[in-house]
Structures are given as structure tokens and as C-alpha cells.
Amino acid sequence: MLCLEACCIPCTRRLPAPLPSSPGAGEGFTGLNWVPLGSTSHRAGVDSGECGWGRRGGCPCWSWQAERLLSVFQASMSSLSGMSRGRKVALSALGVLAAGGAGLALALHTAVSASDLQLHPPSYAWSHNGLLASLDHSSIRRGYQVYKQVCAACHSMDYLAFRNLIGVSHTEAEAKALAEEAEVVDGPDENGEMFTRPGKLSDYFPKPYPNHEAARAANNGALPPDLSYIISARHGGEDYVFSLLTGYCDPPPGVVIREELHYNPYFPGQAITMAPPIYNEILEFEDGTPATMSQIAKDVCTFLRWAAEPEHDHRKRMGMKMLMMIGLLTPLIYYLKRHKWSVLKSRKIAYRPPK
């Protein structure tokens, strides 16, 4: 046997006799002799692993092995070509069914996984999901009313000010009236003391709790998240928030939920501290829209989408303008390119041999 750590020339330390210095042209090494490549003894040496060059990958006999694999592949292909048409169709159908079954199993595993411990929300047909669709500003106004009367008791919106409502859901006078309803702590005054004053347009939405510790103490240790960017911060966006708000139900048999928790299949872990926040007729909309649970959830999700992406409508308008400009400029640029390159594209180079 040969040393596996040897170089391309086999190791002589474990052999009883010296070896030739190098093989001749078209020769390989088996045992103690150089034999012609492709011969019966050489092939036997390759198959048994006794060819030193073959072990190191430098022996030309590897080309013979590649030729042998190629011949086997060609034989298998010739056997397939000799099959009848019905058999080929049956094999093709079997392959398609196997691939489709594997794809379906992967899709089901991705959609519903027991390890996730949550139900993935469905995809809803939101009116603002279109390429050129804008947000429903009436829905934004109703969504702000839902936030103010329901959500603001526990959730803050630290990055939204009253002035942001102007021109979106309220007029300037309405936004000022809403701001004045809030009591804002300001100061210090000339005596160094803090005081409260009516809110202004530049003030941000008031916080329900002074700090995180107070929020945790009032909610059984759970910290209510800030809703300013909740749509962008959660996988699924408004689909997830809508499903969470409307997905409260009784736990299935065998699932035990603690007394202060509530079962919601769309929440990670399925146990959520927040009680069902909305239900039918929990409030009355100013415009007379029926306040059903789905309508309330839809409006507040639209409001939260605007809060997380206030440039939504402007971005789509700018995109439309850019597409129109590109459509007008593309033919002009193409014409200029043809005009500038026409001299080079149309020239003819002729060789005139010397006389």
C-alpha cells in the first residue's frame, strides 16, 4: 500500500525496492511497476486505489475514469430514448407530481408552523395598497378618533404632533381645538416651578404614563408599545394589527391561559396581556359611519399606516411624475444617441493596397 501523504511520486519509505524516477509518457503506477494507462492492470490499480498518482488526483488515469462515467451516462440516456412515448409521459407526470408535492409541503410548512406558536394574518385588500392608490383620509380621521378614545388610554404616540393632522384629517382650527383639550406640563416659570397649560399645535400627543415603570405597573408588568411606527415595526403591517384587534377568541381545548392574560392566535405565544380593546358600537363616529368592530379596526389601521408613513401619498405622486418624465425623456435621449453616433455607425473603412 502507498502512503496517503505522499506527493505525486509514490513514497518509497514503505516499499521494499526503489521506484523509477518518473513514469514514461502514457504510463501510470500500480504496485512497483509503471504500466500503460488504460490497460487492464492499470484499471485494476485505479479501482483498488493502488495508483499513487490516482490517489493524489494528478494521474492521467482520472481522465479515463471521467470517460467511463460519461459512457455510463450516455448508456442511461440511450435507454431513456428507447422508451415508449407512454412511458416517457408517465415518468414526466411522476416527476411533476413529486416536485409539486414537495413545493406544497414547503408552502404549508411555511404558512403554518407549530414552532411559531402564532397564526399568520391573511392578506387584506387595503384601498391604499395600489400602485397609484392614496390613503383614505376620511378613514384617517375616524382612526384618530379611535386612537384618542380607545388606544390613547394605554399607548403613546411620541413622534406625532397635533400640527401633523393639519391638511390630512383636520383643518388648522380643528387641530388647534384638539391640542387645547390636552393639558401639557411646561416650565419652569420665573419662580422655577413647573406648570400646566393648554396644548399647542407644536406639542406632541400626550403620554398616558409618565414613565415605563408606571406603564408596566398598570398593565401587569407588560409595557404597551408606542404606536407611532407600529405598522412598520410589525411583520405583516396593517394586516397583522387588524387580525390582532379582531382575533380574540376562546382558547381551544387543552390550552390553558392565565387569568390576567387573553387568548389571541395572531399574537406570538398566543397569550396577550391586552384585553380586547374594541367591539361593536364602542364609540360613535362623527360622520355617522356604523361603528362595527371591523370598521373600527380598519380605520385605526389606516390611521396607524399614515402615522408610520406620512409621506405615503407624496411618494406615490412623485413616482408617477418621475415615470411621466422618463417616458418623455427616453425617446429624446434615444434620438440624441442615434444622432451623435450616426457618424461612427455609418462610416466605411476601406483598405486600398499600395500599387
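Residues numbered from 1 in each chain as written. Predicted model: local features only at pLDDT ≥ 70, side-chain atom pairs only at ≥ 80, totals over all residues. Heavy atoms only, no water.

(A) Expanded view of the overall build of the protein chain. What the protein chain contains, in helices and strands, is eleven helices and six strands. Here the protein chain holds 355 residues, and 30% of them are scored as buried. Restricting to contacts in the protein chain with at least 6 residues of sequence separation, those with at least 24 account for 55%. When the accessible surface of the protein chain is summed, it comes to about 23,400 Å², and 60% of that surface belongs to carbon and sulfur atoms. (Helix = DSSP H or I, 4+ residues; strand = E, 2+ residues; numbered from the N terminus. Buried < 20%, exposed > 50% of the residue type's maximum accessible area, 1.4 Å probe, protein only. Contact = heavy atoms within 4.5 Å. Areas by Shrake-Rupley, 256 points an atom, 1.4 Å probe, with all protein chains shown as cover.)

(B) Fine view of the pattern of salt bridges. Per the counting criterion, the structure on display carries 14 salt bridges. Here Glu181 makes a salt bridge to Lys148, at a shortest N to O gap of 2.6 Å. Taken together, the residues span a long stretch of sequence, with Glu181 in the loop between helix 6 (172-180) and strand 3 (183-186) and Lys148 in helix 5 (residues 137-149) at a distance of 33 residues. As a salt-bridge pair, Asp299 and Lys298 come within 4.0 Å of each other at their nearest N and O atoms. The class of Lys298 is partly exposed, set by a relative accessible area of 24%. When salt bridges with common partners are traced through the structure, they connect Asp136, Arg142, Asp287, Lys298 and Asp299 into a single cluster. (Salt bridge = Lys/Arg side-chain N within 4 Å of Asp/Glu carboxyl O.)

(C) The arrangement of unusual backbone geometry in detail. Residue Gly187 is joined to Pro188 through a cis peptide bond whose omega torsion reads 0°. Within the secondary structure layout, Pro188 lies in the loop between strand 3 and strand 4 (195-198). For Glu281, which is not a glycine, the phi torsion comes out positive at approximately 60°. Here Glu281 lies in the loop between strand 6 (271-272) and helix 10 (293-308).

(D) View of the side chain of His170. Position of His170 relative to the elements: it lies in the loop between helix 5 and helix 6. The buried category is assigned to His170, whose relative accessible area is 8%. Every residue in contact with His170, bar those within four places of it in the chain, is listed here: Arg141, Tyr144, Leu165, Ala175 and Leu178.

(E) Quick peek at the packing of helix 9 (residues 238-246) against helix 10. At their nearest, the axes of helix 9 and helix 10 sit 9 Å apart, and the two run at 145° to each other. In the crossing of helix 9 with helix 10, the sense of the turn from one axis to the other is right-handed. Residues Glu238, Val241, Phe242, Leu245 and Thr246 of helix 9 lie in contact with helix 10, whose contacting residues are Met293, Ser294, Ala297, Lys298, Val300, Cys301, Leu304 and Arg305. For the contact of helix 9 with helix 10, a count of residues per class yields eight nonpolar, two polar and three charged. (Axes fitted to C-alpha atoms, helices over the stretch in contact; angles between N-to-C directions. Left-handed = near helix turned anticlockwise from the far one by under 90°. Nonpolar A, V, L, I, M, F, W, Y, C, P; charged D, E, K, R; others polar.)

(F) Structural view of the nonpolar core. Counting residues in each nonpolar core, the largest one holds 42 residues, and the members touching the most others are Met157, Phe162, Phe205, Phe303, Leu304 and Trp306. Among the elements of the structure, helix 5, helix 6, helix 8 (230-233), helix 9 and helix 10 are those that each provide at least two residues to this core. For this core, the element with the most residues is helix 10, which contributes nine residues. Beyond its immediate chain neighbours, meaning those up to four positions away, Leu304 contacts Met157, Leu227, Ile230, Ile231 and Val241. (Core = buried A, V, L, I, M, F, W, Y, C linked by side-chain atoms within 4.5 Å.)

(G) Inspection of the environment of Glu284 at higher detail. Secondary-structure assignment places Glu284 in the loop between strand 6 and helix 10. When the C-alpha positions of Glu284 and Val146 are compared, they lie 9.5 Å apart, and in sequence the two are 138 residues distant.

(H) The arrangement of the state of the cysteines in detail. Per the counting criterion, the structure on display carries zero disulfides. There is no disulfide at Cys154, and the cysteine sulfur nearest it, in Cys151, is 9.0 Å away. (Disulfide = S-S within 2.5 Å.)

(I) Here's a closer look at the confidence of the model for the protein chain. Residue-level pLDDT values for the protein chain average 82, and 74% of them are 70 or greater. Note that pLDDT drops below 50 for residues 1-35; the model gives that stretch 60 contacts with residues more than four away or on any other chain. Predicted confidence for residues 53-58 stays below pLDDT 50, and this span has 22 contacts to residues more than four positions away or in other chains. (pLDDT = per-residue confidence, 0-100.)

(J) Examining the packing of aromatic side chains more closely. Overall, the coordinates contain nine aromatic pairs when judged by the stated rule. Taken together, a centroid distance of 5.7 Å and an interplanar angle of 55° make the contact between Tyr159 and Tyr229 tilted. Remark: Tyr229 occurs in the loop between helix 7 (212-218) and helix 8 and Tyr159 occurs in the loop between helix 5 and helix 6; sequence separation between them is 70 residues. A relative accessible area of 55% places Tyr159 in the exposed class. (Phe/Tyr/Trp six-rings, centres within 6.5 Å; stacked < 30°, edge-to-face > 60°.)

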